[in-house]
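Read off the chains here:
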Amino acid sequence: MQILSPTLILLACFLNRVLGGAIPRHARRQPVLPTPQLITLPLKRFQTIPRDIHPQMLMQQHINRASKRLARMTGREEPSEHQLRSEIHKRLYLLDGGSAASPSSSGSSFKGGNTRLGLAVVHGHGKQPGESMVNNGTAISGNTTMPGNATSSGGAGSSGNGTGVSPLDIQAANNGGLTPANPPTTNNSLGLAIEADDVAYIATIQIGTPAQDFRILMDSGSADFWVGSENCQSSAGGGCGNHTFLGPQSSSSFVSSNTQFQVTYGSGAVAGTLCQDQVGIAGLTLNNHTFGVATAETPQFASSSVPFDGLMGVAQSSLSQQNVSTPVESLASNGLIPAAIVSFKISRLSDQLNDGEVTFGGLDSSKFTANTLITIPNVNQQGFWEGAIDAVSINGADSGLTGRTAILDTGTTAMVIPPADAQQLIQGLGGTCDTQQCTLPCTTNSSLALSFGGSSFPIHPSDLLILPVQPNNPTGDCVAGIQPQQIGSPTQWLVGDVFLKNAYFSTNVGNNSISLAQLSAP
């Protein structure tokens, strides 16, 4: 074997350095990087709620979801799974201890899935490792059932609540489905159908070429718009149920993209890709509007029992996980409506008026009393609609609670507030409340009012009820529509349709303001 001299070795190294430096950088061999691919993560199945689940357990599940969501959107640490399960176990203990009948003894048959919570997670806030549910991690929307509702401005149930929970509400809680809305009374408006017993509010819009009808849940607590994709899959296996879907097979104007999105709500999840297509809203057409098609949904959306095909968030687009304008913002920027305003009149099943509607670009003056209209600033910095509460009164007397704020969300029904506040309100209303649960007599005639902008807005007594503790006793005790849990700051309340069914509610993106008014008599 020939041994090279040190001189030759040094010469070889020198030539390699000189010649190598003369080779253009782009001509040198580069490491081969792997081709970017879609990462699929295992999905944990979300079980559907059993048909015989106790109403109080439904409420605790709702409170747990609200607690997690508001922790995320405010950047606070989320409660641990152990803490959330502990809350469930405590409520089970209360049931077993005789404070409420168990499902097996009471014969409960309320339809599963009648709770929703519409608040969405703030982008980049509070996301924890290992949370992924759909593709990159997504979760979904919900509302809470509020039976026995009656109007505070006259109408079917305004005379009081002495007869207990309305049979119409109990039947709807059992059967689910939609109650169609009457045709809207003003331009640029859509009727709002009622899901089950005031669980959610659904509008019908048109998408694609040729245009197809899509039933859409209208949600002021989120800012993303999506419908199911033609290749949508449920995390429980199989397709996404008996819904209307969108894609190249059904729409010749559909344009797909590779941009992925995911949205987290209170119970369930969606993930998919952004697309562009024609969107018709109340006779107004958005050309090539950008929104989402969900390729993966959890059963809370994918089940055939869910009576809507997608969701439209109408909070501010700063909240959007898709990072695109909301439909109302696009309508305004395209000159189709004068301003990015969305206004709600939410109806009650028990009234049998079916007069709910959502109006784009303005307010429907026929739905409220003009001289009661107030406008207040939005105090939320993340894109939700949150107003300062001036005062809280019980049966006409000041409760003494001050400095509170309310996130107003059409996608949420119950009021979830810190335990001390809940206990003070419920005791004043004639009910009982501890750190775990609140109940009210189903026949209560007590009233609660929230004041905004110097005006008081009463909540009708029947709107303060969820379901009877014993489903076959609608005149006994009811799970209250106010439940105790601190889900944000000690002064922050989550206020949904328990309150919003008693006021005309309007939001204005341009002015970053909220308007409320007393409902006009039907």
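In this text the structure is predicted, and so the values were computed from the model without any measurement. The residue numbers shown here count from 1 along each chain, following its written sequence. Confidence filtering applies because this is a predicted model: local features only for residues at pLDDT of at least 70, side-chain atom pairs given and counted only at 80 or more, and all residues used for totals across whole chains, interfaces and linings. Excluded from the side-chain calculations are hydrogens and water; all other atoms, namely the structure's heavy atoms, are used.

Take helix α8 (residues 419-428) next. Note on exposure labels: buried denotes an accessible area under 20% of the residue type's maximum, exposed denotes more than 50%, and partly exposed covers the range between, all computed with a 1.4 Å probe on protein chains only. Secondary structure counts use DSSP, requiring at least four H or I residues in a row for a helix and at least two E residues in a row for a strand, with both numbered from the N terminus. Looking at α8, one finds that the buried residues are Asp421, Ala422, Leu425 and Ile426. For α8, the arc enclosing every buried residue in end-on projection is 120 degrees, short of the 170-degree limit, so these residues lie on one face. Two residues or fewer after α8 comes Gly430, characterised by a positive phi angle close to 95 degrees. In this description, the arc belongs to the directions extending from the helix axis to the C-beta atoms.

The next point concerns the state of the cysteines. Disulfides are defined in this document as cysteine sulfur pairs within 2.5 Å. Following the criterion strictly, the structure yields 3 disulfides and no others. Paired through a disulfide, Cys442 and Cys478 show a sulfur-sulfur distance of 2.1 Å. Across the S-S bond of Cys442 and Cys478 the torsion is about 105 degrees, and the bridge reads as right-handed. Note that Cys442 is positioned in the loop between β22 (438-441) and β23 (448-452) and Cys478 in strand β26 (residues 477-480), a separation of 36 residues in sequence.

Attention now moves to the pairing of β23. Of all 5 residues in β23, 5 are buried; the element is thus mostly enclosed. By the alternation rule, side chains of β23 split into Leu448, Leu450 and Phe452 and Ala449 and Ser451, which are all buried. Strand direction decides the pairing type here: strand β17 (residues 391-394) and β23, joined by 4 bridges, are antiparallel. Looking at β23, one finds that Val392 is bridged to Leu450. Direction of pairing for β23 relative to strand β24 (residues 455-459): antiparallel, over a ladder of 5 bridges. Bridging across to β24, Ser451 finds its partner in Ser456. A strand pair is defined by DSSP finding two or more bridges across the two strands.

A few words on unusual backbone geometry. Cis geometry is adopted by the peptide bond preceding Pro210, which originates at Thr209 and carries an omega value of -5 degrees. Here Pro210 lies in the loop between β6 (200-207) and β7 (212-219). For Asn288, which is not glycine, the phi torsion reads 55 degrees and is therefore positive. Among the secondary structure elements, Asn288 is positioned in strand β11 (residues 284-297).

Next up on the list: the confidence of the model for the protein. pLDDT is defined as a per-residue confidence score from the predictor, taking values between 0 and 100. Across the protein, pLDDT averages 80, with 72% of residues at or above 70. In the model, residues 92-115 has pLDDT below 50 throughout and makes 66 contacts with residues more than four positions away in sequence or in other chains. Contact definition: two residues touch when any of their heavy atoms are within 4.5 Å.

Taken in spatial order, the 4 strands make up an open sheet running β21-β22-β26-β25, and their pairing is antiparallel. Of all the strands in the sheet, the pair left with one neighbour each is β21 (432-433) and β25 (465-468). Sheet topology places β21 next to β22; 2 bridges connect them, and they run antiparallel. What sits directly across from Thr432, in β22, is Thr439.

Criterion for a salt bridge: a side-chain nitrogen of Lys or Arg within 4 Å of a carboxyl oxygen of Asp or Glu. Counting across every chain of the model gives 7 salt bridges. Across the pair Asp463 and Arg348 runs a salt bridge whose closest N-O atoms are separated by 2.6 Å. Highlighted residues: Asp463 in the loop between β24 and β25 and Arg348 in the loop between β13 (341-345) and β14 (357-360), separated in sequence by 115 residues. Residue Asp463 shares its accessibility class with Arg348, and that shared class is buried.

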